[in-house]
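One-letter residues, chain by chain:
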Amino acid sequence: MEKEVLITTPYITLAQLLKMEDVIASGGQAKWYLREKTVYYNDEPENRRGKKLYDGDAVRVPDFGTFLIKSK
């Protein structure tokens, strides 16, 4: 499943995306989640919660789908 995520700022962080898409309940869970689960940023494993996501980036979260970042 692919879903477009519209952003109104130049970028969002990986933790913000995970919270926005209800993968985690709070931003504080991002560190734990990324340590326990593999998340892919543009098809490469990524575990930094502060990773900046820009227009055109893709994040795949197993069991949740792929999120495509789009700027308004």
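Preceding this paragraph is the structure being described.
Below: a short report on this structure. Computed from a prediction, not measured in an experiment: that's the story for all the values here.

**Remarks on the packing of aromatic side chains**
By convention here, two paired aromatic rings are described through the distance between centres and the angle between planes.
Reasoning step 1: Per the stated rule, a full pass over the model turns up two aromatic pairs.
Reasoning step 2: When the centroid spacing of 5.6 Å and the interplanar angle of 55 degrees are considered together, the rings of Tyr11 and Tyr54 count as tilted. Of the two residues, Tyr11 sits in the loop between β1 (2-7) and β2 (12-13) while Tyr54 sits in the loop between β5 (52-53) and β6 (58-61), which places them 43 residues apart along the sequence.
Reasoning step 3: The class of Tyr11 is partly exposed, set by a relative accessible area of 33%.
Reasoning step 4: On the accessibility criterion, Tyr54 (38% relative accessible area) is partly exposed.

**A look at the pattern of salt bridges**
Reasoning step 1: Across all of its chains, the model carries two salt bridges by this definition.
Reasoning step 2: With a closest N to O distance of 2.7 Å, Lys3 and Glu21 form a salt bridge. A residue pair is termed long-range when its members are at least 10 positions apart, and Lys3 in strand β1 and Glu21 in the loop between α1 (14-20) and α2 (30-36) qualify at 18 residues.
Reasoning step 3: Among the salt bridges present, the one from Glu46 reaches Arg48, with a minimum N-O distance of 2.7 Å.

Conventions adopted
Residues numbered from 1 in each chain as written. Predicted model: local features only at pLDDT ≥ 70, side-chain atom pairs only at ≥ 80, totals over all residues. Heavy atoms only, no water. Phe/Tyr/Trp six-rings, centres within 6.5 Å; stacked < 30°, edge-to-face > 60°. Helix = DSSP H or I, 4+ residues; strand = E, 2+ residues; numbered from the N terminus. Buried < 20%, exposed > 50% of the residue type's maximum accessible area, 1.4 Å probe, protein only. Salt bridge = Lys/Arg side-chain N within 4 Å of Asp/Glu carboxyl O.

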